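Here are the chains, one letter per residue:
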Amino acid sequence: MPQITLKDVSLGYAGPPLLDGVSCSIDLGERIGLLGRNGAGKTSLLRLLAGVEQPDHGAVERAAGVRAALLPQDVPEGILGQVRSVVAAGLHPEGPGPQGAGGEGLGRESEWQEARRLDATLREMGLDGEAAFTSLSTGMKRRVLLARAIVSEPDVLLLDEPTNHLDVPSIEWLEEFFARWKRTLLFVTHDRAFLTRLARRILEIDRGKLFDWECDYPTFLVRKEAALAAEEKQNALFDKKLAQEEAWIRQGIKARRTRNEGRVRALEEMRRKRRQRRDRLGNVSLEIDEGQRSGALVLKAADAAFGYDGRAVVRGVTTTIMRGDKVGVIGANGAGKSTLLRGLLGELPPLGGSVRQGTNVQVAYFDQNREQLDPDQTAEENVGQGRTSVTVGGQTRHVIGYLQDFLFTPDEARSPIRRLSGGQRNRLLLARLFAKPANLLVLDEPTNDLDSETLELLEQQLVAYEGTVLIVSHDREFLNNVVTSTLVFEGDEL
């Protein structure tokens, strides 16, 4: 018996509907990966399933007593207190909300039973219940919110990008945890290794429709490629037939004969279908302007230490980075990876040792927290920075046209970025980053929230890039495909 059923559900904001009359059911114990382009509606669908949002049309039905819990993509603002109290808030999810939705359950446990369950969850998640939530790294905050969702023992657990900001050991732990999870799991992720390990069914949102692929992720990739090829062939045949009929109608007198009225009506129907057809978006068009060639030496550190207020966060940094190196930076959450980047770039003076930057180094920096983006500005304003055009690869282009290469429609480009999804904001940050010449790319968690097509294209561009790259990432497949060497934290040292 299905736990949650969607019946002819539609949902939309501005522009074409995100969901257009979709139906599906989710059964007990399934592990489902939810895929789709950035902005396709994945987060909105999770919120519908959690009861946080209501459809414009249709119904979301839950079996009696079924409760759903949602781990949101971003850490909500305003969460205060100790970790234990934050997690304990998940023990009694009242009605629809970020922690839970659905039935009332079978009655509340005794305080002693609840305390035992809370302690077990904190222990299993490796959390210090006495720590202040605000003092934690983003990755640890996400782990606390996951514990808050799990402690309620939901029947259906909904995860929106669960691996974001987690280090590799934490991601591997999460994989093991959910491999043992006996309840229903539906998740959105950009992490292809995580998706391959856990998903046994794929739901895909594509142009407002929900496609159900009863297979794992590797099989989905093969079947999807074949389906797109068949769709392209079918659309080409349809368009050819439509063109022939349009040429016929322009002949005039023959089309007005009574015996041809059926053919005229058929043409009108073909026109209607063509207007309603939502063609698949192309891929992002990434082009990195490599700028001028840097010197052979890009960065050199000798026994350097970096930190804040005189206190070292990372010590013993000795490394030499040459032109063309692609270096991955790996370490646990809170180890000091972002601090290391700032120190190597000269934004933090060394507390010990020395740092030297080579000649003619042009830096472009990708900030994992998107602090370079102004949420009150439009996408166009964030990239243009007071100008209506950008120069990329020696060619001057209008900002709106440039953003179309990153799959932003003119309406989206002129809209405040607070309306954009997390993946769209990351694409916008890439657009801003690549709108200026750089021979040193410094990328701090660039893969978070990106759809698989954009992620794969970014990989290809970085592999072909002749400049130098420093990458902080916990995406194992991304690092394997791009970097040529790694800097690995061991404690507070490299």
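No experiment lies behind these values; they were computed from the predicted model shown.

### Overview of the overall build of the chain
- For the chain, the count of helices and strands is 15 helices and 20 strands.
- Here the C-alpha radius of gyration of the chain, 26 Å, is about what a compact globule of 494 residues would show, namely 23 Å.
- C-alpha extents for the chain along the principal axes are approximately 90 × 70 × 40 Å.
- For the chain, with 494 residues in total, the buried portion stands at 50%.
- The contacts of the chain with a sequence gap of at least 6 include a subset with a gap of at least 24, amounting to 71%.
- Accessible area of the chain: about 23,100 Å², with a carbon and sulfur share of 48%.
- Of the charged side chains in the chain, 65 are positive and 71 negative, and the gap between their average positions amounts to 6 Å.

### Focus: the pattern of salt bridges
- What the rule picks out here adds up to 26 salt bridges.
- A salt bridge links E245 to R263; its shortest N-O distance comes to 2.9 Å. Linking E245 in helix α7 (residues 217-249) with R263 in helix α8 (residues 261-276), this pair joins segments that are 18 residues apart in sequence.
- R272 is the partner of E269 in a salt bridge, and the nearest nitrogen-oxygen pair spans 2.4 Å. Here the residue E269 and the residue R272 both occupy positions in helix α8, the gap between them amounting to three residues, near one helical turn.
- A relative accessible area of 30% places E269 in the partly exposed class.

### Some thoughts on unusual backbone geometry
- Even without glycine at this site, N360 takes up a positive phi of about 55 degrees.
- Mapped onto the secondary structure, N360 falls in the loop between β14 (352-357) and β15 (363-366).
- Even without glycine at this site, L407 takes up a positive phi of about 70 degrees.
- Relative to the elements of secondary structure, L407 occurs in the loop between α11 (399-404) and α12 (410-413).
- Residue L407 is classed as buried on the basis of its relative accessible area of 14%.

### Some thoughts on the sheet that holds strand β12 (residues 311-322)
- The three strands lie next to each other as β12-β11-β14, forming an open sheet whose pairing is antiparallel. The strands lining the two open edges of the sheet, one partner per strand, are β12 and β14. Averaged over all pairs of adjacent strands, the angle between their axes in this sheet comes to 20 degrees, without regard to strand direction.
- Inspection of the sheet shows strand β11 (residues 297-308) paired to β14 by five bridges, in the antiparallel sense. When the sheet's bridge partners are listed, A305 is paired in β14 with G352.
- Running over the sheet, helix α9 (residues 337-344) touches β11, β12 and β14 and is turned about 125 degrees from β11.

### Regarding the sheet that holds strand β2 (residues 19-27)
- The antiparallel open sheet is built from three strands, whose spatial order is β2-β1-β4. Every interior strand has two partners, whereas the edge strands, β2 and β4 (57-62), have only one. Geometrically, the sheet is characterised by an average inter-axis angle of 5 degrees between neighbouring strands, direction not taken into account.
- Bridge analysis of strand β1 (residues 2-11) against β4 gives five bridges, and the strand direction is antiparallel. Across the sheet, K7 pairs through a bridge with A59, a residue of β4.
- In the packing of helix α1 (residues 42-50) onto the sheet, the strands contacted are β1, β2 and β4, and the crossing angle to β1 comes to about 125 degrees.

### Structural notes on helix α3 (residues 111-124)
- Given a rise of 1.5 Å per residue, 14 residues ought to cover 20 Å, and the 20 Å separating the end C-alpha atoms of α3 matches this to within 8%.
- Buried residues belonging to α3 abut α2 (83-88) and α4 (138-150).
- Phi turns positive one or two residues past the end of α3, at G126, with a value near 65 degrees.

### A word on the nonpolar core
- In this structure, V87, L146, L157 and F178 are the most contacted members of the largest nonpolar core, which totals 41 residues.
- No other element matches the six residues that α4 contributes to this core.
- Apart from the residues within four sequence positions on either side, L157 is in contact with A69, L146, A149, I150, F178, W181, T184, L185 and L186.

### Some thoughts on the packing of aromatic side chains
- Under the counting rule described, the total for this entry stands at eight aromatic pairs.
- With 5.5 Å between their ring centres and 85 degrees between their planes, F187 and F194 make a pair best called edge-to-face. Of the two residues, F187 and F194, neither departs from the other in class, the shared state being buried.
- Chaining the aromatic ring pairs together yields one cluster made of W173, F177, F178 and W181.
- The ring of W248 has R263 sitting right over it, with the charged end atom 4.1 Å from the ring centre.

### Brief notes about the packing of α4 against helix α5 (residues 168-179)
- Look at α4 against α5: their axes get within 13 Å of each other, and the N-to-C directions meet at 10 degrees. As the angle between them shows, α4 and α5 are arranged roughly parallel. Counted together, R143, L146 and I150 of α4 and S170, W173, L174, F177 and F178 of α5 form the full contact between these two elements.
- Per-class residue counts for the contact of α4 with α5 are six nonpolar, one polar and one charged.

### Some thoughts on the environment of A14
- Tracing the chain through its elements places A14 in the loop between β1 and β2.
- On the accessibility criterion, A14 (71% relative accessible area) is exposed.

### Here's the deal with the environment of D191
- Summarising the element assignment, D191 is placed in the loop between β8 (184-188) and α6 (192-198).
- Residue D191 is classed as buried on the basis of its relative accessible area of 2%.
- Here the alpha-carbon distance between D191 and I205, two residues 14 residues apart in the chain, equals 17 Å.
- At a separation of 3.0 Å, a polar atom in the side chain of D191 contacts the main-chain amide nitrogen of F194.

What counts as what
- Residues numbered from 1 in each chain as written.
- Predicted model: local features only at pLDDT ≥ 70, side-chain atom pairs only at ≥ 80, totals over all residues.
- Heavy atoms only, no water.
- Helix = DSSP H or I, 4+ residues; strand = E, 2+ residues; numbered from the N terminus.
- Rg over C-alpha atoms; globule rule 2.2 N^0.38 Å.
- Buried < 20%, exposed > 50% of the residue type's maximum accessible area, 1.4 Å probe, protein only.
- Contact = heavy atoms within 4.5 Å.
- Areas by Shrake-Rupley, 256 points an atom, 1.4 Å probe, with all protein chains shown as cover.
- Lys, Arg positive; Asp, Glu negative; His and termini not counted.
- Charge placed at Lys NZ, Arg CZ, Asp CG, Glu CD.
- Salt bridge = Lys/Arg side-chain N within 4 Å of Asp/Glu carboxyl O.
- Pairing = 2+ DSSP bridges.
- Axes fitted to C-alpha atoms, helices over the stretch in contact; angles between N-to-C directions.
- Expected span 1.5 Å × (residues − 1).
- Core = buried A, V, L, I, M, F, W, Y, C linked by side-chain atoms within 4.5 Å.
- Phe/Tyr/Trp six-rings, centres within 6.5 Å; stacked < 30°, edge-to-face > 60°.
- Lys NZ or Arg CZ within 6 Å of the ring centre and 35° of its normal.
- Parallel < 35°, antiparallel > 145°, perpendicular 65-115°, else oblique.
- Nonpolar A, V, L, I, M, F, W, Y, C, P; charged D, E, K, R; others polar.
- Polar contact = N/O pair within 3.5 Å; in protein donor to acceptor, adjacent residues only side chain to side chain.

The quantities given are spatial measurements derived from coordinates; they are silent on function.
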